[in-house]
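# Fold and geometry: a report
The residues making up each chain are set out below.
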Amino acid sequence: MTTEHSMTAPRELGKLPFGRAGIWWFLASEIMTFGGLLGAYTLQRISHGGWHAEMQHLNAYIAALNTLFLVTSSLTIVLAHQATERGDRVRARNMLWVTVALGIVFLCNKGVEYSIEFDHGYFPWTSTFWSFYFTMTGLHALHVAGGVVWNTCLAIAASRAIWPKVSHRVEYAGLYWHFVDVVWIFLFPLLYLS
Amino acid sequence: MAQNHHHGANPYVIWVWLVVLLAAGFIAFAFHLSTMAAVLILFSLAIVKAGLVVRHYMHMYDQPVALYAIAGIPVLLMIFMVVSLLPDIAFHSIPPVPAAEAPPH
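Residues numbered from 1 in each chain as written. Chains lettered and ligands numbered in written order. Predicted model: local features only at pLDDT ≥ 70, side-chain atom pairs only at ≥ 80, totals over all residues.

Within chain B, the regular secondary structure consists of three helices and zero strands. In chain B, the succession of α and β elements from N to C terminus is α-α-α. By residue count, 17% of the 105 residues in chain B fall in the buried class. (Helix = DSSP H or I, 4+ residues; strand = E, 2+ residues; numbered from the N terminus. Buried ≥ 20, exposed ≤ 12 C-beta atoms within 10 Å, placed from the backbone.)

What follows is the structure, encoded as structure tokens:
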């Protein structure tokens, strides 16, 4: 097992490292994006009487399984960050790969879900509900895909000489990944269960 | 995710809680509760789950005040938007504007 103290000292903005401040600014803009969508969906749903008939066509079991995968991937990226702080490069890399795998499984499940819906004739232009559904879950899936790419880059970097210079970015990737998880935590009951 | 993890809760314990709350939400869904009851229960569970992730996995409990402002202001704006638009969009409290009369030829 390779063990090294790989955390570089990031520059700081007041008490905040630049990187952490930057990622939180980015997350704030993401809160506005998803918050606007969630708010608009909620208002339209009340206005349209609940959309209960449309929601019957969604597969809550696949979505619940996806929630489990995403929540578990949040745990694995925390473990990756802890391993990074300890200087345990191998465990950090392995946990990053597990996070990547869980993200890919989430995306595959989402693809299966979409294909079932397309087979039944539900498309973004079918109705207001389906428009909201595909916009919100599609945008979320794009964010998951972005996180998968980011985590893959870090996992590859963990096997290279560049790792000591970039290992602190596991924290930022983790913050982003947790945010994606939190968005899904609200999307799941809003779209599938309530 | 702060620099020091030793003051945070065990991430495995948090994960177990998240799974338990997920299961609780799904059980509530299986009982086919009334819409209001379902919304109350499911959103309470979602808020608790999100709180656990934000507090323990994102380590918001030991961050500088500036970070709370960065993250909190957009949340407040979102809530303000929904609350302020609720009467107009959801409950149609504003009567529709009458169609303009055609100009005389």
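Back to the write-up after that little detour.
Once that is clear, we can look at the nonpolar core. Ranked by size, the top nonpolar core spans 62 residues in total, and within it Ala 80, Leu 96 and Phe 188 of chain A carry the most contacts. Put simply, the parts of the chain that give this core at least two residues each are helix H1 (18–47), helix H3 (60–86), helix H4 (89–119), helix H5 (128–157) and helix H7 (169–193) of chain A together with helix H1 (11–30) and helix H2 (35–57) of chain B. In terms of residues, this core owes the most to one element, H7 of chain A, which gives 18 residues. The residues touching Ala 80 of chain A, leaving out its near neighbours within four places in the chain, are Ala 92, Met 95, Leu 96, Thr 99 and Val 170 of chain A. (Core = buried A, V, L, I, M, F, W, Y, C linked by C-beta atoms within 7 Å. Contact = placed C-beta atoms within 7 Å.)

Let's shift gears to the interface of chain A and chain B. Contacts between chain A and chain B engage 41 residues on the former and 36 residues on the latter. Looking at the side of chain A that touches chain B, its residues break down into 22 nonpolar, 15 polar and four charged. (Nonpolar A, V, L, I, M, F, W, Y, C, P; charged D, E, K, R; others polar.)

A separate point is unusual backbone geometry. Here the phi dihedral of His 59 of chain B falls at roughly 55°; this positive angle occurs in a residue that is not glycine. Tracing the backbone through its elements, the reader meets His 59 of chain B in the loop between H2 and helix H3 (65–90).

The next thing to look at is H1 of chain A. Residues and elements named next belong to chain A. Between the first and last C-alpha of H1 there are 43 Å, a value that for 30 residues agrees with the 44 Å anticipated at 1.5 Å per step. Where H1 is concerned, the buried positions are Arg 20, Trp 24, Leu 27, Ile 31, Phe 34, Gly 35, Leu 38, Gly 39, Tyr 41 and Arg 45. One or two residues past the end of H1 sits Gly 49, with phi positive at roughly 80°. (Expected span 1.5 Å × (residues − 1).)

Another aspect to go through is the environment of Ala 64 of chain A. The topology assignment puts Ala 64 of chain A in helix H3. Ignoring any residue separated from it by four or fewer positions in sequence, one finds Ala 64 of chain A in contact with Leu 22 and Phe 26 of chain B.

Residues and elements named next belong to chain A. Where H1 meets H7, the axes come as close as 10 Å, and the angle between the chain directions of the two elements is 10°. The pairing of H1 with H7 is recorded here as roughly parallel in orientation. The hand of the H1/H7 crossing is right-handed. Residues Gly 19, Arg 20, Ile 23, Leu 27, Glu 30, Phe 34, Leu 38 and Tyr 41 of H1 form the contact with H7, whose participating residues are Tyr 172, Leu 175, Tyr 176, Phe 179, Val 183, Phe 186 and Leu 190. Taken together, the residues that form the contact of H1 with H7 break down as 12 nonpolar, one polar and two charged. (Axes fitted to C-alpha atoms, helices over the stretch in contact; angles between N-to-C directions. Parallel < 35°, antiparallel > 145°, perpendicular 65-115°, else oblique. Left-handed = near helix turned anticlockwise from the far one by under 90°.)

None of the figures reported here should be taken as evidence of function without further support.
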